[in-house]
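# Descriptive analysis of the structure
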Amino acid sequence: MKRDDIVGDDLELLDAYSRAVVQTLQRTRGGVVSLRVHTRRGRRAAEGAGSGFLITPDGYLLTNSHVVDAGDTITVTLDDGSEHAAQHVGGDVDTDLALLRIGSPSPLQHLELGESKHLRVGQVVIAIGNPQGLSHTVTTGVVSALGRTLRARNGRLIDGVIQTDASLNPGNSGGPLLDTRAQVVGVNTAIIAGAQSLCFSVPSDTARWVVSELLRHGHVRRAWLGIVAQSVQLPRRTMLHHQLEASGAVGVDEVLAEGPAARAGLKAGDRIVTVDGVAIKDVDTLYRVLGGERIGRSVRVELLRGVHKLPLELVPAVRA
C-alpha cells in the first residue's frame, strides 16, 4: 500500500468520526439543559451550577443528586435560552441521580435512554454539558473501562460505573454521555481531581431503573442482604455444567455479621446466580431484583460454592 493511500484512509476515518460527533450534537443539544441552584442558609446565599437532560416531552429531566439536593430553588435553562423553575421530584444518593420536572405549554425535545449493557471498551462516546458555565460544551473520547465502582457521598459504592476519557469539568455533572446513535448511555457524575482523563458516568440502565422507582414511589426502595459484592464472570464450563442462563454472577466478598445473608448461611467466596428464579448476571441486576416488594419476605437464592450449586432461603431487610 502506498503512503498516499494510508493518508487518504486516515482522512476518511477522521471525517467519519467528525460526522458522527456533529450529527449526534445536532440531534441531542435541544434536550440538554443547564441548571442554576440557589441555596440560602440564614443570611448566607450561594449559587451552584450543573447540567442535565430531558428524558420526556412533558418536562422530566435527569441530573446528579449532588448538584440539586441542597438547593432551595432550581432554575433550568433550555437550549433556546428560556428559563424554567424546576420541581424536585426525587433523588437517589446511592447512585447520585435526581429527577426534576419543569412545566412547558408544548412538548420538549428530549433524549432517549439507551442500553449501557451493550457498551464496549474503546467505543466512542460524547459528553455534553456546561463546564465552568460554558453552555453546551462538547467533548469526545472513548469508553476507557466498564464495571468500575465509585463511592457516593453517603459512603456507599455505585457499581457498574463507566470510565471515559471524554473530558469533564465542574459544571458537567448531570449531563449526558452519548453514543454515536445519539442515545444516552450514561449520566456524567465525577472526575478525579488531579488526574487527567479519569471521568465517570452512571450507566443508563441504572438511571432507567432509578427513574422508574422515583416515579412510582417518590424514592428508591431497596432490600438489604448484608453483603459486600461485585460483578464476576463465570467460566463457560461452569455455565454449561449448572445450566445457567447468564455468563455473569455476583461474587460475595464479605458477609456482614448479623445481616440477612449471614443468618441464611452465605459465605465470602459464594457466587449468587439466581434470586427467585431470576438470573443475576451482575450487581445492577441484583439491586433491581431486590426491590421494595421483597423486603421482609423469604426469597430463594441459588449460589455457587466451589463447584456445587446450593439453594438458600433468606429474608431481606429494609436498607437503612
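Refer to the structure presented above.
This one's a predicted model, so the numbers in the text were calculated from it and none came from an experiment. (Residues numbered from 1 in each chain as written. Predicted model: local features only at pLDDT ≥ 70, side-chain atom pairs only at ≥ 80, totals over all residues. Heavy atoms only, no water.)

## As for the overall build of the protein chain
A tally of regular secondary structure across the protein chain gives six helices and 21 strands. Taken over C-alpha atoms, the radius of gyration comes to 22 Å for the protein chain, in line with the 20 Å a tight globule of 320 residues would show. Seen along its three principal axes, the alpha-carbon backbone of the protein chain occupies a region of about 70 × 60 × 40 Å. Across the protein chain, the fraction of contacts at a sequence separation of at least 24, relative to all contacts at a separation of at least 6, is 60%. Within the structure as shown, the protein chain displays about 15,900 Å² of accessible surface, and the carbon and sulfur contribution to it stands at 50%. Once the 35 positive and 34 negative side-chain charges of the protein chain are each reduced to a mean point, those two points are 5 Å apart. (Helix = DSSP H or I, 4+ residues; strand = E, 2+ residues; numbered from the N terminus. Rg over C-alpha atoms; globule rule 2.2 N^0.38 Å. Contact = heavy atoms within 4.5 Å. Areas by Shrake-Rupley, 256 points an atom, 1.4 Å probe, with all protein chains shown as cover. Lys, Arg positive; Asp, Glu negative; His and termini not counted. Charge placed at Lys NZ, Arg CZ, Asp CG, Glu CD.)

## Some details on the side chain of S51
Within the secondary structure, S51 sits in strand β2 (residues 44-54). Relative accessible area serves as the criterion here: at 0%, S51 is assigned to the buried category. Non-local contacts of S51, meaning those with residues more than four positions away in its chain, are made with V33, L35, T63, G129, N130, G171, N172, S173, G174 and G175. (Buried < 20%, exposed > 50% of the residue type's maximum accessible area, 1.4 Å probe, protein only.)

## Considerations on the sheet that holds strand β3 (residues 60-63)
Read around the closed barrel, six strands run β1-β2-β3-β6-β5-β4, paired in antiparallel fashion. Across the sheet, the axes of successive neighbouring strands diverge by a mean angle of 40 degrees, strand direction being ignored. Of the pairings in the sheet, the one linking β3 to strand β6 (residues 97-102) comprises four bridges and is antiparallel in character. Counterpart to L62 in the pairing with β6 is L99. Along the sheet face, helix α3 (residues 204-217) touches β3, β5 (83-92) and β6 and points at about 60 degrees away from the line of β6. (Pairing = 2+ DSSP bridges. Axes fitted to C-alpha atoms, helices over the stretch in contact; angles between N-to-C directions.)

## Considerations on the pattern of salt bridges
Overall, the coordinates contain 13 salt bridges when judged by the stated rule. Notably, a salt bridge pairs E47 with R36, separated by 4.0 Å at the nearest N-O pair. A residue pair is termed long-range when its members are at least 10 positions apart, and E47 in strand β2 and R36 in strand β1 (residues 32-41) qualify at eleven residues. Looking at E47, the relative accessible area reads 53%, which means it is exposed. (Salt bridge = Lys/Arg side-chain N within 4 Å of Asp/Glu carboxyl O.)

## Notes on the nonpolar core
The tendency in soluble globular proteins is for nonpolar side chains to be buried as a group. Counting residues in hydrophobic clusters, the biggest one holds 27 residues, and the most contacted among them are F53, I55 and L62. Among the secondary structure elements, those contributing two or more residues to this core are β3, β6, β8 (124-129), β10 (157-164), β12 (183-191), β13 (199-203) and α3. Per-element tally for this core: the top contributor is α3, with five residues. Core analysis: the next-biggest nonpolar cluster, separate from the first, contains 20 residues, L266, I272, I280 and V301 among them. (Core = buried A, V, L, I, M, F, W, Y, C linked by side-chain atoms within 4.5 Å.)

## With respect to α3
Spanning 14 residues, α3 covers 20 Å between terminal C-alpha atoms, matching the ideal 20 Å at 1.5 Å per step. Listed in full, the buried residues belonging to α3 are S204, D205, T206, A207, W209, V210, V211, E213 and L214. G218, located one to two residues past α3, shows a positive phi value of around 85 degrees. (Expected span 1.5 Å × (residues − 1).)

## A short note on the environment of H110
Within the element layout of this structure, H110 appears in the loop between β6 and β7 (112-113). Given a relative accessible area of 36%, H110 falls into the partly exposed group. Along the sequence, H110 and E47 sit 63 residues apart, while their C-alpha atoms lie 26 Å from each other. For H110, the residues in contact, after removing those within four places along its chain, are G31, L54, I55, T56 and P57.

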